[in-house]
Amino acid sequence: MQFARVHFETKKSVMKHIVVKALSVLSILAQAGVALANPFEPGWVLEAEQSALRFTSVKQGSIIETSSFATYTGVIDPTGRAEIKVLTDSVDTKIDLRNVRMRFLFFETFKYPEATVTLQLQEDMISDLPDIRRKVLTIPIDVTLLDTTQTIAAEFAVTLLSDDLVAVSSSTPITIALEDFNLNLGREKLEEAAGVSIVPSATVTFDFVFSRLPDAGGAALSATSTADGRQLARLSALETQGDFSRDECAGRFEILSRSGNIYFSTGSAQLRPESDAILESITDIIARCPDLRIEISGHTDSDGSSALNQRLSERRAGSVIAYFDENGISSDRLVAVGAGEENPVAPNDTAADKQKNRRIEFRLLN
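Scoring rules and cut-offs
- Residues numbered from 1 in each chain as written.
- Predicted model: local features only at pLDDT ≥ 70, side-chain atom pairs only at ≥ 80, totals over all residues.
- Heavy atoms only, no water.
- Helix = DSSP H or I, 4+ residues; strand = E, 2+ residues; numbered from the N terminus.
- Expected span 1.5 Å × (residues − 1).
- Buried < 20%, exposed > 50% of the residue type's maximum accessible area, 1.4 Å probe, protein only.
- Contact = heavy atoms within 4.5 Å.
- Axes fitted to C-alpha atoms, helices over the stretch in contact; angles between N-to-C directions.
- Left-handed = near helix turned anticlockwise from the far one by under 90°.
- Nonpolar A, V, L, I, M, F, W, Y, C, P; charged D, E, K, R; others polar.
- Salt bridge = Lys/Arg side-chain N within 4 Å of Asp/Glu carboxyl O.

This part takes up helix α9 (residues 306-326). If you check α9, its first and last C-alpha atoms are 30 Å apart, about what 21 residues at 1.5 Å a residue would give, namely 30 Å. Buried residues of α9: Asn 309, Leu 312, Ser 313, Arg 316, Ala 317, Val 320, Ile 321, Tyr 323 and Phe 324, and no others. Among the structural elements, α8 (276-287), β13 (294-299), β14 (334-340) and β15 (359-364) are those in contact with the buried residues of α9. Phi turns positive one or two residues past the end of α9, at Gly 328, with a value near 95 degrees.

Running from amino to carboxyl end, α8 crosses α9 at an angle of 65 degrees, the nearest separation of the two axes being 10 Å. Our pair here, α8 against α9, has a crossing hand that is right-handed. Across from Asp 276, Leu 279, Glu 280, Ile 282, Thr 283 and Ile 286 in α8, the residues of α9 making contact are Val 320, Tyr 323 and Phe 324. Of the residues contributing to the contact of α8 with α9, the split by class is 6 nonpolar, 1 polar and 2 charged.

This paragraph deals with the pattern of salt bridges. Within this structure, the stated rule accounts for 24 salt bridges. Of the charged contacts, one joins Arg 288 and Asp 284 as a salt bridge, the two residues approaching to 3.6 Å between their closest N and O atoms. Overall, Arg 288 belongs to the buried group, its relative accessible area being 14%. Assessed through its relative accessible area of 23%, Asp 284 is described here as partly exposed. The shortest N-O distance in the salt bridge between Glu 295 and Arg 363 comes to 2.9 Å. Of this pair, Glu 295 sits in strand β13 while Arg 363 sits in strand β15, and the two are 68 residues apart along the sequence. Through salt bridges with shared partners, a single network forms among Asp 89, Asp 96, Arg 103, Glu 239, Arg 252, Asp 284 and Arg 288.

See below:
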């Protein structure tokens, strides 16, 4: 009996020790904000000033250029869904006219002001993060550029900096094939404008820092940005504020002449609705070159008679001037010229090249 009593007391003491130890561990975890709780609650928000998003391209076979974006937002909601929104107008190559080329010729930001990245995190992916502090994950991410969405496997490191701060960074560069996002036409425009060859892929790296929200207030989280309208999105562009210099104006109009995004119905001088996006952007640029007169010339392909094409090109240039006049640009500053089929930029032997020749060009007159 004495042995049984001692054995019972020993087991009781051990059980008490285990319970106390467990309660101690739970207390520590609770203080760290990870005990029995959803690690994504109440939500996390991207700290843009502490973050970076870069992409690297290669031209002329061996010249490596690294660019970045200046404006983006991001959240991780309580379900673990992460969303990043990037304002493509905020592309930063460190050179003004190169930024303009990227916006108008490559990303076509006047039509597609945002790029988005989304992914789904699960609790079990990061349940051991409070203990190990850092781990590498490979997760499929959905990337949307222009009007195309592709799923890409991304490898990135997650580092718990504190209870309320986490870093997410690419552990290997993410390769983007331009053809997967219909970006090869933009690449060709860049090549023609800059007189260089460009490798048809790019690599993306990122260093993001997220902070835990103190309280979501019951509201659904989503990545917000100023890209709700094209006019607001343009405010993110890294360029001169207010009026442009003459050189800045000249460079922009040379680039706009290569965009090819002003459309007319076949054999008609009526502007098609899809032209509105770039015409809105051009209106803003003309307004910021207030002391300059601008020549607007219409060009056609070689289909039809030369006389017909001459008249058509004049009417198309006039339609563009009418658009600007209706949107606050005095027609006294604009001169319409019809060039007909006389100055092709490509042979008139394929549909794609004929499309290049059906264009509107801009030139400063003073």
